[in-house]
Each structure stands twice: as C-alpha cells, then as structure tokens.
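# Descriptive structure summary
This is what each chain is made of:
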Amino acid sequence: MAIANYVPGHNPDPGAHAMRGTVEVRCGGGFRQQAISPRKSCLNRAVHGAASLTFHRDRELVPLRDRLLTSMDPTQPPARLILKDEPLDGHRPMKVRVVGAGFSGIYLGIRIPQRLRNVDLRIYEKNEDVGGTWWVNRYPGCACDIPSHSYQYSFNPNPDWSALYAPQKEICTYLQATARKYGVMRFVKLSHMVESCKWDDGAKKWLLSIRRVDTGEAFEDDADVLVLAKGILSDPAWPNIPGLKRFKGEAMHSALWKEDYDFGQKRVGVIGNGSSAIQIVPSLQKIEGTRVLCFARSKTWITNPFGDSTMLRLGLDPTKFGFSPEQRQEFVDNPDKLFELRKAVELDGNTIHAMSFRDSDLQRMAVEMFGTAMKERLAKKPEIAEFLLPSFGIGCRRNTPGPGYLEALVEDNVEFITDPIDKVTETGVVLQSGRDVPLDALVCATGFNASAPPPFPVYGKSGLPLQARFTPYPEAYLSMAVDSFPNMFLMLGPNSAIGSGSLTIMLETEGDYIVKCIRKLQKEDYATMTARPERVADWSAYCDEYFKKTVYTDRCNSWYRSQGGRGERITGLWPGSTLHAVEALRAPRWEDFEWESRDGEGANRLRWLGNGWSVTHTPKDGKEDEFGGDPAWYIEPMFVSIPPEERPEEDPEFKMRPFSH
Ligand SMILES: Cc1cc2nc3c(=O)[nH]c(=O)nc-3n(C[C@H](O)[C@H](O)[C@H](O)COP(=O)(O)OP(=O)(O)OC[C@H]3O[C@@H](n4cnc5c(N)ncnc54)[C@H](O)[C@@H]3O)c2cc1C
Ligand SMILES: NC(=O)c1ccc[n+]([C@@H]2O[C@H](COP(=O)([O-])OP(=O)(O)OC[C@H]3O[C@@H](n4cnc5c(N)ncnc54)[C@H](OP(=O)(O)O)[C@@H]3O)[C@@H](O)[C@H]2O)c1
C-alpha cells in the first residue's frame, strides 16, 4: 500500500521512512520493480533529474537471486534489504570534535567545511587564541628553524615573511590571520579545555568533558568522530631536579615564559641545550649586564640553518636572515619569484633524506663539515667543543641549527657548565661537584613530554585508557589511528614528525586523510572504523626495522625516543621521508580498519547505494531546476584529465608523481 509520495532530497525524515517501508521509483526506469508514474509532469521531472517515489509497507523488492547472493549464511533467511531513500553520495549529519587549534586544528577547520557537508564541527582550544606552539612559546629568540616559505600552509603562502626564519610573533599572526581568512573561528571555542574523552560503544559516540578556562563552567559534549590535534610539543616537561620548587628567584619553562620579567643585570641559569635553549641563550647574552650560566649535560650537533644551501643557490646571502623591504615587495609583486624560492626550499628539504642513514656519504660529509665548523666557532673556548661534539650521527637528536648560539657561548658573560646539577636551592643550584651557583632566575629549556599519552584521560572500547594503550610506548597505525579507539584520529601523533623536510605538508596530508575517513563513514553508512590491532603491530614492526639503519637509533637523548627521550624505540618520527609519508597517506588502505555498519550486523553492506540517485542531479529544496550539484559536472575542465596525444605516457602530471587510486 502506498503511504507517501516523495521527491528525493525533500523528505522531512527520509531515514525513518526507509527503515519502515520500501521505495518504488515512479519516474525514470531501468528496474522492473519500479512503477511508472501515470503523471506527465513526473515524466518531465525525470527528464530533468527529479523523480517521484512511493513508499510501500512490507513489500519485498529484493529478487531471490539477490537474496541468495547477499545472504551470509545459506541456512539462515537473508536479511531483508530495505532501500535507503537517499542519493548514494548523501551527507548524513556527523558531529566532529577537534581538540586543539594550532597548525593542525586550524587546517581541519578549513578542509572539513570545504570538502564535507552536514558536519557539525567544533574545535576546542584551551588557550585564549589559536596558534598552538606559536601562541604558547614566547621566549626571546623564538623562531622557526625551517625556512618560513616552507613552514606555512601550501595553499596560503605568505610573500611577506620578514626573515628566512620568521620570529614567533609573525608565525602566530600568520596562523591567526589564516584562521580568520578561511572562517575557522566559526568553529573554534577558545578557552575551552577538554578534560576527558570517553568512547560509548552503545551509542557509538565519543563523550567529551570540557571546562571553560575563563569561567570554570564544566559541560559535556558528544561526537561521532574525535580528532586529537593537541600537539606533540605542547606539554612542558619540568626537570626532575630535587628542590626546584624551593627556588625563591624567578623560575620559568621556555614554553611558559614570563614576559614581564626584566633579565637586565641578572644571573640567569639556563638548563638544557636543545632547540629552545639554543635560541634563548644568544638573546639573553645580549641583554645589558646579564650573566648567563648554561647547564648542559648532553652532547649535541649545532648545524647550519636548514635553508643555507637554498639561499646560496638562489644567490642570496645565508648569513643575512632578514629580507629587505625591496625583496619582500618583489615576492609580493612577482608570484614567479616567490614560487621559485618556495620550490627551491622544498627541493632542498626533500633531497637531504639520505643524511638520515648512518652509513651514507651525506652523513659522513656533514659530520666532517659541521665538526670543523663547531670547532672553529668555539675556538675561543675549545673545551666546549670537546664536550659538545657527539659520537652519534647528525639528526639523532633534532638538528639544532643555532645561529649565534656557539658565538654566545664564547662570550665573557656566558659560562658553559657541564657538571650535572645536584639540587636546586632557594638561591641557586648546587652542582654534583659541590659548587654552589647563585642565580636570580632559572630558565628550564627542558623540552616536552613528547612520548607520553595526552595529559588528559582518553578511554576507548571497554574503558581502555589511552595511557594504558600507550604504555610502555605510544603506537598508532600510520601515526594516526589506535586499535580499540574507534573513530579517533591523531594529528601529529606518535611517529609523525619529520627528521628533515616539511612538517606542514605532513600535517596537511594527515588532515586530508582524516577528511577522507569522515567522508567514508558518512557516505557509506559506517558507524565506526577502528584500526586493526594486527596492522598496528605490523606498523610498529615496520618502524623498528626501518630505524635500525638510521642515525635516529644511535645513542643519544632525544624526544624522538620513547620513555621521555631515553627509551629504545623511535616514537617521534615517521619511518621515512616527508615524501614517503605523503604517498603512504595519499590513498587510505581501508582494509586495515575494522568497520561496523550503522545498519547493524549482517545488514546489506551496499545499502548506502541508496535510491539510485546522486545528489548532483537531485532537486534542491524541492525545486525542479536547482540541484544538489552539477548534473553535468564531468565535462567541466577541472575534472577532465586530458592525455597528451600519441604518447599519453608523457603526461607531466604522472611524471611528477605516480598515479594513485
Ligand atoms: C618552540 C618550538 C619551535 C618549533 N619550531 C618548529 C619549526 O621550526 N619547524 C617545524 O616543523 N616544527 C617546529 N615545531 C614543532 C611544532 O610544534 C609544529 O610544527 C606545529 O606547530 C604543531 O602544530 P599542532 O597544531 O599539531 O600542535 P600545537 O601547535 O602544539 O597545537 C596544539 C593545540 O592544542 C591545544 N590543546 C592541547 N590540549 C588541549 C586540551 N586538553 N583542550 C583544548 N586544547 C588543547 C593547545 O593549547 C594547542 O593550542 C616547534 C615546536 C616548538 C615547541
Ligand atoms: N624552531 C626551532 O628552532 C625550535 C625551537 C624550540 C623547539 N623546537 C622543537 O621543539 C623540540 C624540543 O626542543 P626543546 O629545546 O624545547 O627540548 P629538547 O630538545 O627536548 O631539549 C631539552 C633539553 O633539556 C635538557 N634536560 C631535560 N631535563 C633535564 C634535567 N633534568 N637536567 C638537565 N637537563 C635536562 C635535555 O638534556 P638531555 O638531552 O641530556 O636530555 C635537553 O638538553 C625541538 O627538538 C624542536 O623539534 C624547535
């Protein structure tokens, strides 16, 4: 019995109808089961892509042949297929919640609304503004160490960077401007701290507990998909030195900088010689009357900045980091010039990958070159070179290009102290040698809890805490998905940083992958996707084997390693180059996930094929001449791949990179 006439895309609750009844297409043809509408107007609509559908209660439309084919168990009656009365490329509503609005979260705030429809997106950010790393780290000298013309979004190049390595404030301004330019702030909830995330396997939802940092108000939210874009280097690690809390002078972490503190005429201790300390020390050293005491316990390579060779190739002076007003104007006025610089920077970053292998010529040459350069720069205090020069390969710890660092160390107002700190007192530190070092301020440039799970609880299936899953080390399939944590994705999760090359294209690729996953869940009516545990194990085995030949497994302390930088496993880095990661993530391997249908166990897994319509020719809002897309989209130039005549194999697109499904 017919219960409703229906125009596709114009049903107040099509899902509910589809669950209760079956559908006959009254216009258009092709299927025997479909009745022909007697009305001429309906036929006209069919010509223009519209159709009238009629629902029938309890009518079996599945032919016997199909029933036999779709039946999983031949002894059981087949599950009855009730067609879904929606176009196959429909957009079921989905709630996506992102934790963090740094480089990664902002990217998702652009791509999700651009590429998907019907997504209720919210990005929770605990800080007062977006920018992540570049909002948080405000120590003097903070800047990127990858040329700015690479350390930016590929789709929003800034022609006006003031320097090859732009300062923190400028990068933060760029990120905030990008977020505002692309409407990201519509989705961002600032000063909102996510306190816990819990998977509800009955509801197939993530439950989030959130607290407003400004008002203290706590509330709950839920989501179909959870993305942790909380940053790898966002949880400051204080040193575990006894007595630190007793210090009565000014103590600060590099990522929790006290901007009001006046360092003039002060004795300042700086713990650490990682990238942060290397930028802080030259800045403090220059302050009038300051005495800087550098506490270093580990060896490290100090290399040239990453973009030096690019600058030389382009005829620019690598010692002059700032761009002149004329150069900046030229980049604004001449897009070709800007592109030339961008291209050179990317080429440079991607062609030194061989250096990461222990026995490569490039590694040997670099050791020779940078060893000599370090000794020369430290000639005034050769004992520092003797302490610093490592036996491990360049790159084992994050390369630390430190313009001005070694030069600062040899200045008279700087002391380089290698005796380990025994304890902190109210007035300074005591070294293991017994020496008392009085201090006014103590800067802990001691890094981040990079290999630790998130500092807030995340519970997966059966209440499994991510903290437990990430013990003794974190592991995530292709760095992005964890078994037992359905519909959860990580941006820059474990094994996602890059030893050389662009991290920003890596995070863009990860964002694109997540968008593809959300689209598949949405379009193909899956309730959940979860990384298969055996594939996570395969991934970890791959990582272990890959890293054996690289400098990353040389003996050094580094946040790339598990267990706070001292473990055996490399948990920070992607096992391969940037380009390797981009290709690996280009086309998701869906077979590496477990899938649960929204229609339940044993349901016809092709029910998402819907009612025989595509949104592109489905009338919009019931109008006859407006559609959900372009019904002739496939001849638009942007969709047409034109092969070169006679020799299609000469297509420049596939010479740049191979085809992928
Ligand atoms: C000082 C410094 C310099 C760096 N320089 C470079 C460089 O030159 N080149 C390079 O490639 N990489 C560099 N990095 C790495 C840098 O972290 C990444 O390049 C990039 O900025 C990471 O972006 P993200 O969005 O993934 O993480 P983040 O920028 O860390 O952003 C994460 C966001 O999540 C928010 N968040 C975390 N927990 C919660 C919560 N519970 N609730 C709500 N919000 C939360 C944080 O507040 C933060 O805003 C540097 C890192 C540091 C610390
Ligand atoms: N753009 C840039 O130039 C830039 C700037 C800053 C940071 N970053 C990024 O952020 C990452 C982290 O850099 P970071 O410098 O903040 O941290 P880091 O590289 O992890 O360095 C931390 C330093 O603190 C020392 N340390 C830690 N605990 C200590 C203790 N208890 N006693 C004495 N010393 C202690 C470490 O010594 P050990 O090595 O002996 O453990 C190390 O020298 C970098 O690798 C880079 O990826 C980039």
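Residues numbered from 1 in each chain as written. Chains lettered and ligands numbered in written order. Predicted model: local features only at pLDDT ≥ 70, side-chain atom pairs only at ≥ 80, totals over all residues.

## Quick word on the site of ligand 1
The environment of ligand 1 is formed by 31 residues, the closest being Gly100, Gly102, Gly132, Cys144 and Gly231. Breaking the shell around ligand 1 down by element, the ones donating at least two residues are helix H4 (103-115) and strand E7 (192-200). Among the elements that line the shell around ligand 1, the one with the most residues is H4, at three residues. For the shell around ligand 1, the class distribution of residues is 16 nonpolar, 11 polar and four charged. (Near = placed C-beta within 6 Å. Helix = DSSP H or I, 4+ residues; strand = E, 2+ residues; numbered from the N terminus. Nonpolar A, V, L, I, M, F, W, Y, C, P; charged D, E, K, R; others polar.)

## Describing the packing of H4 against helix H15 (residues 503-523)
Direction vectors running N to C along H4 and H15 enclose 40°, while the axes themselves pass 9 Å from each other. As the angle between them shows, H4 and H15 are arranged oblique. Once H4 is placed against H15, the crossing between them reads as right-handed. Residues Phe103, Ser104, Tyr107, Leu108, Arg111, Ile112 and Arg115 of H4 touch H15, and the partners they reach there are Thr504, Leu507, Glu508, Gly511, Asp512, Ile514 and Val515. Of the residues in the contact of H4 with H15, the class split is seven nonpolar, three polar and four charged. (Axes fitted to C-alpha atoms, helices over the stretch in contact; angles between N-to-C directions. Parallel < 35°, antiparallel > 145°, perpendicular 65-115°, else oblique. Left-handed = near helix turned anticlockwise from the far one by under 90°. Contact = placed C-beta atoms within 7 Å.)

## Regarding the sheet that holds strand E13 (residues 291-295)
Across the sheet, five strands lie side by side as E11-E18-E12-E13-E14; this open sheet has parallel pairing. For this open sheet the edge positions go to strand E11 (250-253) and strand E14 (414-417), each flanked by a neighbour on one side alone. Neighbour to neighbour, the strand axes of the sheet diverge by 15° on average, direction disregarded. Across five bridges, the pairing between strand E12 (residues 267-271) and E13 is parallel. The residue bridging Val270 from the neighbouring strand is Cys294, located in E13. (Pairing = 2+ DSSP bridges.)

## Notes on helix H7 (residues 275-285)
The buried count for H7 comes to 10 of 11 residues, which makes it a mostly enclosed element. Looking at the buried positions of H7, the neighbouring elements they touch are E12, E13, helix H13 (405-409), E14 and strand E18 (441-444). (Buried ≥ 20, exposed ≤ 12 C-beta atoms within 10 Å, placed from the backbone.)

## As for the site of ligand 2
Inspection of the region around ligand 2 gives 25 residues, with Pro239, Gly272, Gly274, Arg398 and Gly447 positioned closest. Here the shell around ligand 2 is composed, by residue class, of nine nonpolar, 13 polar and three charged. Formed jointly, the shell around ligand 2 draws a minimum of three residues from each of two domains, domain 2 (94-235 + 450-594) and domain 3 (244-303 + 359-392 + 394-444). (Domains from an automatic or database assignment.)

## A word on the nonpolar core
The biggest cluster of nonpolar side chains holds 142 residues, and the ones touching the most others in it are Val96, Val227, Val270, Val281 and Cys294. For this core, the element with the most residues is H15, which contributes nine residues. When we break this core down by domain, the ones giving at least three residues each are domain 2 (94-235 + 450-594) and domain 3 (244-303 + 359-392 + 394-444). Not counting the four nearest positions on each side in its chain, Val281 is found in contact with Val270, Val292, Cys294, Tyr405 and Ala408. (Core = buried A, V, L, I, M, F, W, Y, C linked by C-beta atoms within 7 Å.)

## Things to note about the sheet that holds strand E6 (residues 188-189)
Two pairing modes exist for strands in a sheet, parallel and antiparallel, and in both the strands are linked by backbone hydrogen bonds. If you trace the five strands from one edge of the open sheet to the other, you get E6-E5-E4-E10-E20, paired in parallel fashion. Of all strands in the sheet, those bounded by a partner on one side alone are E6 and strand E20 (488-490). Two elements, strand E5 (residues 119-124) and E6, share two bridges in a ladder whose sense is parallel. Note on E6: the bridge partner recorded for Ile123 is Val188. This element, H4, spans strand E4 (94-99), E5, E6 and strand E10 (225-228) of the sheet and lies at about 170° to E5. Against the sheet, H15 contacts E4, E5, E10 and E20, and its axis sits at roughly 155° relative to E4.

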